[in-house]
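Examining the three-dimensional arrangement
Listed below are the residues making up each chain.
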Amino acid sequence: MLPVEKITSGSRLGFIGLGYLGSRIARRLVAAGFPMVVYDRDRTKTTGLAALGAEVAGDPARLASEVDVVLSCLIDGAAVKTVYLGTGNVLRSARPGTRIIELSTIAPPTSRQLYQAAREFGIPLLDVAVSGSTPSAEAGALTLFGGGDREVFEAAEPIFAAIAKQWFYMGSRGSGVAMKLVVNTLLGVGMQAIAEAVALGSRLDLPRDLLFDTLAKTAVVAPAHTGKLATAKKHDYSPQFPVRLMRKDFGLVLDAATQFGLPMPVTEAAAAINSAEAAAGSEEDFSAVIRLMEQLAEVEMPPAA
């Protein structure tokens, strides 16, 4: 496959990392008709995709040697380095010209390092950061931010069309994940602002259900947060975007800010509350900071229905 050749529905895809988002993205691609090979270190996560017709690889290296495009959605930069540069042997196993679409949220320097390493193997690589929670992934309504070579990005649009409602080319290597950190700064800080506003409203004796319903209809609440208000109203914090992953992203944001000597006092405060909630150890959504702020405000909440 030439780097500028457009990916088609006949292109054989490999997908590594079948977590909250990865599993749903992979399902969308199988449903779109792409031949698919999948891998996850937890083999039980491959069962549902195998039932849909995907082939299951025993290791990342074998997957990489058999496909035209490798996609990965991994938990952090360390996992990405292991898969591509370490024991996963993806770069050494992939054929020259195989394309890589790396979907994980990692630090821009890590993404640039991976791009350069792939280039030395003759492999075009994109960092395509994903914005959206599990319902968006299931509906194929994600937003994507891409970094890397523009022609490679444009050639991958058939894949993007199967999983996203919109995608943006942001620039050279690392630009996609850089934009994701900008977006998730607003996502995390906005969630903390909503949590504080809800706690204040409750202390001002506003009826809880009415407070949540009305706030969700105002112009000041972003669409990404509206659904969180609806589930938090019902005391439902089942993970769509787990609080531990928001904590990881806050860490990436603040690490980048430190690198450039950029003060981000509001983000630091929001990250501290998020971290306190994540420390509880429960696998809950990042919107659980709403519950934490209500508890800190000593709000008496009605029992869940």
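Everything below is about the structure shown above.
Everything in this summary refers to the structure shown in the same document. Fair warning: this is a prediction, and the values are worked out from it, not measured in the lab. (Residues numbered from 1 in each chain as written. Predicted model: local features only at pLDDT ≥ 70, side-chain atom pairs only at ≥ 80, totals over all residues. Heavy atoms only, no water.)

With respect to the helices, strands and loops of the structure, Leu 85 is situated in the loop between helix 4 (77-84) and helix 5 (90-93). Put simply, Leu 85 and Leu 114 are 29 residues apart on the chain and 7.9 Å apart in space, counted from C-alpha to C-alpha. When sequence neighbours within four positions are dropped, the list of residues in contact with Leu 85 reads Val 80, Leu 91, Arg 92, Gln 113, Leu 114 and Ala 117. (Helix = DSSP H or I, 4+ residues; strand = E, 2+ residues; numbered from the N terminus. Contact = heavy atoms within 4.5 Å.)

Quick look at the pattern of salt bridges now. Scanning all chains against the criterion turns up 13 salt bridges. A salt bridge links Glu 138 to Arg 24; its shortest N-O distance comes to 2.8 Å. Within this pair, whereas Glu 138 is found in helix 7 (residues 134-139), its partner Arg 24 is found in helix 1 (residues 20-31), the two being separated by 114 residues in sequence. Glu 138 gets classed as partly exposed once you look at its relative accessible area, which sits at 48%. Residues participating in the shared-partner salt-bridge network are Arg 12, Glu 55, Arg 62 and Glu 66. (Salt bridge = Lys/Arg side-chain N within 4 Å of Asp/Glu carboxyl O. Buried < 20%, exposed > 50% of the residue type's maximum accessible area, 1.4 Å probe, protein only.)

Looking now at the side chain of His 225. Secondary-structure assignment places His 225 in helix 12 (residues 223-233). With relative accessibility at 5%, the residue His 225 sits in the buried group. Separated by 3.0 Å, the side chain of His 225 and the backbone oxygen of Leu 187 make a polar contact. Residues within four places of His 225 in sequence aside, it is in contact with Leu 186, Leu 187, Gly 190, Met 191 and Ile 194. (Polar contact = N/O pair within 3.5 Å; in protein donor to acceptor, adjacent residues only side chain to side chain.)

Residues Leu 200, Leu 204 and Leu 206 make up a contiguous nonpolar surface patch of roughly 310 Å² in combined accessible area. Looking at Leu 200, the relative accessible area reads 52%, which means it is exposed. (Patch = residues over 30% accessible without salt bridge, like charges linked within 9 Å, V, L, I, M, F, W, Y side chains within 5 Å. Areas by Shrake-Rupley, 256 points an atom, 1.4 Å probe, with all protein chains shown as cover.)

Tallying each qualifying case throughout the model produces five aromatic pairs. Consider the rings of Phe 145 and Phe 168, whose centres lie 6.2 Å apart with planes at 20°: the pair is stacked. Of this pair, Phe 145 sits in strand 7 (residues 142-147) while Phe 168 sits in strand 8 (residues 164-171), and the two are 23 residues apart along the sequence. Look at Phe 145 and you get buried, because its relative accessible area is 6%. On the basis of an interplanar angle of 55° and a centroid distance of 6.1 Å, the ring pair of Phe 160 and Trp 167 is categorised as tilted. On the basis of relative accessibility, which here comes to 1%, the residue Phe 160 falls in the buried class. Through a chain of ring-to-ring contacts, the aromatic side chains of Phe 153, Phe 160, Trp 167 and Tyr 169 assemble into a single cluster. (Phe/Tyr/Trp six-rings, centres within 6.5 Å; stacked < 30°, edge-to-face > 60°.)

With that out of the way, let us pick up unusual backbone geometry. Non-glycine residue Asn 89 carries a positive phi angle of around 55°. One can find Asn 89 in the loop between helix 4 and helix 5. We classify Asn 89 as partly exposed; its relative accessible area is 29%. Phi is positive for Asp 205, which is not a glycine, with a value near 70°. As for its placement among the helices and strands, Asp 205 is situated in the loop between helix 10 (175-203) and helix 11 (208-216).

Moving on: the environment of Asp 249. Structurally, Asp 249 can be placed in helix 13 (residues 243-259). On the basis of relative accessibility, which here comes to 2%, the residue Asp 249 falls in the buried class. Residues Asp 249 and Asp 76 lie 173 residues apart in sequence; the distance between their C-alpha atoms is 9.4 Å. Beyond its immediate chain neighbours, meaning those up to four positions away, Asp 249 contacts Thr 105, Leu 181, Asn 184 and Phe 241.

Turning our eyes to something else, we now look at the packing of helix 10 against helix 13. Describing two packed helices takes the angle between their axes plus the distance from one axis to the other. Interaxial distance between helix 10 and helix 13 falls to 10 Å at its minimum, and their mutual angle equals 125°. If you check the angle between helix 10 and helix 13, you find them oblique. By crossing handedness, the relation of helix 10 to helix 13 is classed as left-handed. Facing Leu 181, Asn 184, Thr 185, Leu 187, Gly 188 and Val 189 of helix 10, the residues of helix 13 in contact are Met 246, Asp 249, Phe 250, Leu 252 and Val 253. (Axes fitted to C-alpha atoms, helices over the stretch in contact; angles between N-to-C directions. Parallel < 35°, antiparallel > 145°, perpendicular 65-115°, else oblique. Left-handed = near helix turned anticlockwise from the far one by under 90°.)

Keep in mind these numbers describe shape, not what the thing actually does.
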